[in-house]
Every structure is written in structure tokens, then in C-alpha cells.
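What the coordinates show
Listed below are the residues making up each chain.
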Amino acid sequence: MLRTKRSLYAFVFTTGLLVACSSSNNTPAPPAPPVAEPPPEPTYLDVELPTVELPPDEGDIALLSTFFSLEDAGFIQEEFFLSGTATSFTNLNELGTDGRWEAEPAEEADYKTRVVVYRPATAQDFSGTVLVEWLNVTQGFDVPVGWGVGHVEALRDGHAWVNVSAQRIGIEGVENPALPLALKDANPVRYESLVHPGDSFSYDIFTQVSAAVRDTSPEGIMGGLEAEILIAGGESQSASRLLTYINAVQPLYGAYDAFLVDSRYDSSQPLSQEPLVEIPAPESVTFRDDIPFPVINLQAETDVIPLGAVDERQPDSEYFRLWEVTGIAHNDNYQLVTGRNDTGADPSYAVVVENNSILGFSECDKPLNSGAYPWVYMAALEALEVWVRDGSPAGEADRLATLDDDSDYQYDDHGNVLGGLRTPYVDAPAARLSGELNDGGAGCRLSGTTMLFDAATMASLYVDKAGYVSAVSEATDQAVERGFLLPPDAERIKAAAELQWDAL
């Protein structure tokens, strides 16, 4: 944003010089036109710095994350307990569909939660960018969905990642869990001291984490590293809480520099809930259109029609981008299965596959979606970083093509959806990739589907291997040019094309 202001000041200064030069004769110079003053900087409330302590040395960190060694990748993993006094919030105006909500702090309660920090082992490798993830608790325990699909970008660029147990369920769990992985179920001795007063306080807890990230003291959670950019991220249920956060709480504190809201569905989460006075969100909610910080809302096919977000579509604006991605699902094979082992080198992770199993725990009726989800997510992360650093906004994407009544999508001859943010997965396809609802065990419903083309179909589309590889390369370059794929991922996708053909 500073670059924009400097450009404005330079314009004013240069205009003044031109007027002075034109006044060198005796003819009075016309008065300079009035120049609009830059808008005043917003005034924010102070953010409380939580107390930091180490967890007891009892067992291992409980977080279902990536499976490879972070140490081998030049990163370290540390867990901290954060404690303090958090506030809930109450509304000062009606919570309307436009998201222009006014709120103020309300009740107070003590809390103690945990964060898990991934960061470069050496200071010189730290980029200064931190993704602060609101962990997803849909399954009854903390899941770092964003890290699962975006870790390769963090590892290669030196970004830190702070995983936040922002909600009560992640700590206390639920009755009769399918998997006992909530913190107090997974390791009751290690996490016995944690206290969560309820999700009405989750927004302020998440805000206070930002202060802990910005703290440069050696005993802080960043080990003395100076965080320059804080990007808040969350997927699905966490995305809907971030929508409420952006509309009501971020304007009070300005705690984060940008937001990556991944797979929100219709509406958003309540501002306050039981056991406090309930303040529900309206049935339909958009992001407020006066936000002064970058937001990318990344949406899968599953989110737009099956989950109803088609009713909350809104136009792009100065600081907002809606990326509806063709051929991806709310969850996918990379996020749930393969990506946990991906260190960023092997092109096989970019190959489209048919797989019905989620780590052997759950079987789906149809193969999980195997589209471009992780690669577009990582492009969105870098786009936000660049947007904050130098003011260059993220690219704009077409909306997914729907019928006039938004009851379904429009499809091409092979069953792939038209429109949307395009990648080689749908512009040089090897499969029908869909975000339609699946069936089967836990985790299947929102994981979309994949139906590989047979050899005859591939030959009819591309003739031979060289034709297919060429088509993928061209479509990949177009996506890179538009900012929807990053060059390192593009190279892996191109290399995967050869593997894809060989697997026919």
C-alpha cells in the first residue's frame, strides 16, 4: 500500500513543478486543481499479547499433519501454549447480508490454547511471511487443511506456518468420536491444562495469536524471527468463521494483512453463540466491500452449487478476488491422501489418478477428485504475499458457468464444467474431474469424483503422447501467465503429463 501512497505524492509534487515552470512568463498560472487527500489511516484497538509457555514433556504433538521429516526439509516444528483473557463480541448494527457489520468487545473469559509452529530452522531462510491457519474441526479434532495443500510453497519459499487451535472442539472433542484425536482425547496428560471458554471467544483468541506471531522476543513462538506479513487462512467450516471474522472483528484490530478463505459455503458462523447470547449470521452473507486488505476466496465446484455458495457470489473489487476453480472439489485426493508425503519434487503427485480409499480408513463409492486444488491454492498464497508486499493485485478469474437458474453447471462434451479459473487439468484433460457429491465412508461426501479417459478417448483428443504433452504444456503456460499456477508447480505438471500418458 505504501507504493500507492508514494505514487500519489510523486504525482502531486510533479504537478506542482509543472505549474511552476509554466508560470515563468508574466501570465498568472491557473490555480492548481484540488488534490484529494489520501484517506486517513484506520485506528485500531490494541491486541493483547498472550502469555507463552511450553507444553509438558508428555508424549508427542497431537496434529494430523504431513508425514515426512520437517527437519530434512530445513524446518522445525514447535508447540506452544498461549493463554490470556479473550473477549466475545456483540453487534452494534443489524448483521446484514452485505457484511458491513459493526461490533464491539463484550464479555471476557480466560483461555489457554495451543499453537503448532512450522518455520525455517535458520533465520536467513525465513521469508518474513507467516500463514496463520484456523484449524478445521469438522471431524471433531484439529486438521491443518491449508498446510496439507500449501506446505510445498511454504517449504520452498521459507514461509512460517502457525496452526491455531481456535475452537473448543479441537481441544475438548465431541461425544463418541469416530477418531479420538481431539487434544484431550489424544493426550490427556499433555493437554490437561488447556481451557477454552467457547467459540464466542474464538475470534479474539485468533486475534491474540497475531500478537504472539509479531512478537520478536527470543522466547516467543517465532524464536525471535520478525514476521513482516501475516496471512490468515481457513478452509470449509474455518473459512465460514473467517468470513465472520473479516466482517466484524478484523475492522476493529487490523490484526492480519491478508486472508486466504478456502471453500466457504453459504452464510457464515454466528458472531456469538451458546452459552452466551446468540447472535446468528443472516442466511446469506458476502464479504464486506469496504475491506482495505487483500482477500482471496478460493472456491471449488462443490462449494458453489452443492453447498450453496452460488447465492453469495459477489464481484471482484479493489481488495477482493473470487476464484471459482474448475474441476476441483471441497476435499480431494491430494489433501486427504497423497499430499501428506509430498516434499515438492516428485511429478507423480501431479498425475490424475483414480483412488477410492482415504488412507485405508474409509472407502468412497467413486474415486476422489484428483484435480488442481493444491497448485491453485499455492498460487493464491503467493498472490496474496505479492499483493501485500508491492500492491500488485491477484488476477481475476471467470465464474463457473451455470444454468440461468443456478441449479446446475454447464458442461463440455466430456462432462467437465465450463468457465471458472482454468488449469491444464480441464483445458488439456485426462479425466472428467468433478466437485459433485460422492458417497461412502467418512470424508467421502465432499471429495468430488474422477473418471479417467480411456486410451481411445485420449487418442481422439491428442493423437499421441507428444500431442498430449504439448497440449498440457500450452495450457499450463497460460495458467502461469494469468497467475493461477506457480512456475515450479507448472514444471511438475508438465513432467506429470508424460507419466499420465504412460499410465494409459
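Keep in mind it's a predicted model, so treat the numbers as computed, not measured. (Residues numbered from 1 in each chain as written. Predicted model: local features only at pLDDT ≥ 70, side-chain atom pairs only at ≥ 80, totals over all residues. Heavy atoms only, no water.)

**Brief notes about the overall build of the protein**
A count of helical and extended segments in the protein gives 13 helices and 13 strands. For a compact globule of 504 residues, the expected C-alpha radius of gyration is about 23 Å, and the protein comes in at 24 Å, within 12% of that figure. Taken along its principal axes, the extent of the C-alpha atoms in the protein is 80 × 65 × 50 Å. In the protein, of all internal contacts separated by at least 6 residues, the share reaching a separation of at least 24 is 77%. The averaged location of the 79 negative side-chain charges in the protein is 3 Å from the averaged location of its 28 positive side-chain charges. (Helix = DSSP H or I, 4+ residues; strand = E, 2+ residues; numbered from the N terminus. Rg over C-alpha atoms; globule rule 2.2 N^0.38 Å. Contact = heavy atoms within 4.5 Å. Lys, Arg positive; Asp, Glu negative; His and termini not counted. Charge placed at Lys NZ, Arg CZ, Asp CG, Glu CD.)

**Let's talk about the packing of helix α2 (residues 145-157) against helix α9 (residues 373-390)**
Where α2 meets α9, the axes come as close as 9 Å, and the angle between the chain directions of the two elements is 60°. In terms of their interaxial angle, α2 and α9 are classed as oblique. You can see that α2 and α9 cross each other, and the crossing is right-handed. On α9, the residues that touch Val 145, Gly 146, Val 149, Gly 150, Val 152, Glu 153, Arg 156 and Asp 157 of α2 are Tyr 373, Pro 374, Tyr 377, Met 378, Leu 381 and Glu 382. Residues of the contact of α2 with α9, tallied by class, amount to eight nonpolar, two polar and four charged. (Axes fitted to C-alpha atoms, helices over the stretch in contact; angles between N-to-C directions. Parallel < 35°, antiparallel > 145°, perpendicular 65-115°, else oblique. Left-handed = near helix turned anticlockwise from the far one by under 90°. Nonpolar A, V, L, I, M, F, W, Y, C, P; charged D, E, K, R; others polar.)

**Points about the side chain of Gln 500**
Structurally, Gln 500 is set in helix α13 (residues 487-502). Given the relative accessible area of 7%, Gln 500 is considered buried. There is a polar contact of 2.7 Å between the side chain of Gln 500 and the backbone nitrogen of Val 352. Sequence-distant contacts of Gln 500, defined by excluding residues within four places in its chain, comprise Val 351, Val 352, Ala 430, Leu 452 and Tyr 468. (Buried < 20%, exposed > 50% of the residue type's maximum accessible area, 1.4 Å probe, protein only. Polar contact = N/O pair within 3.5 Å; in protein donor to acceptor, adjacent residues only side chain to side chain.)

**Side note on the state of the cysteines**
Scanning the model with the defined rule gives one disulfide in all. Residue Cys 364 pairs covalently with Cys 444 via a disulfide, S to S 2.0 Å. Between Cys 364 and Cys 444 the sulfur-sulfur dihedral comes to about -85°; the bridge is accordingly left-handed. Linking Cys 364 in the loop between β11 (362-363) and α9 with Cys 444 in the loop between β12 (431-434) and β13 (449-452), this pair joins segments that are 80 residues apart in sequence. What makes Cys 364 buried here is its relative accessible area of 6%. (Disulfide = S-S within 2.5 Å.)

**Quick word on the pattern of salt bridges**
Scanning all chains against the criterion turns up 25 salt bridges. Through salt bridges with shared partners, one network takes in Glu 79, Arg 114, Asp 142 and Arg 190. (Salt bridge = Lys/Arg side-chain N within 4 Å of Asp/Glu carboxyl O.)

**Some words on the packing of aromatic side chains**
The tally for this structure, following the rule as stated, stands at 18 aromatic pairs. Between the aromatic rings of Phe 287 and Phe 320, the centroid separation amounts to 5.2 Å while the plane-to-plane angle is 40°, which identifies the pairing as tilted. Here Phe 287, found in the loop between β7 (258-262) and β8 (295-299), pairs with Phe 320, found in strand β9 (residues 320-324); they are 33 residues apart in sequence, far enough to count as distant. Of the residues examined, Phe 287 reaches a relative accessible area of 1% and is grouped as buried. Overall, Phe 320 belongs to the buried group, its relative accessible area being 2%. (Phe/Tyr/Trp six-rings, centres within 6.5 Å; stacked < 30°, edge-to-face > 60°.)

**Topic: the pairing of strand β6 (residues 229-235)**
Among the seven residues that make up β6, seven are buried, leaving the element largely enclosed by the rest of the structure. Burial of the side chains of β6 extends over both faces: Ile 229, Ile 231, Gly 233 and Glu 235 are buried on one face and Leu 230, Ala 232 and Gly 234 on the other. Examined bridge by bridge, strand β4 (residues 129-134) and β6 share five bridges and lie parallel to one another. From the neighbouring strand, Thr 129 faces β6, where its bridge partner is Ile 229. Inspection of the sheet shows β6 paired to β7 by five bridges, in the parallel sense. The partner of Gly 233 across the bridge, within β7, is Leu 260. Running through helix α6 (residues 237-253), the crossover from β6 to the neighbouring parallel element β7 is right-handed. (Pairing = 2+ DSSP bridges. Right-handed = clockwise from strand over helix to strand, strands pointing away.)

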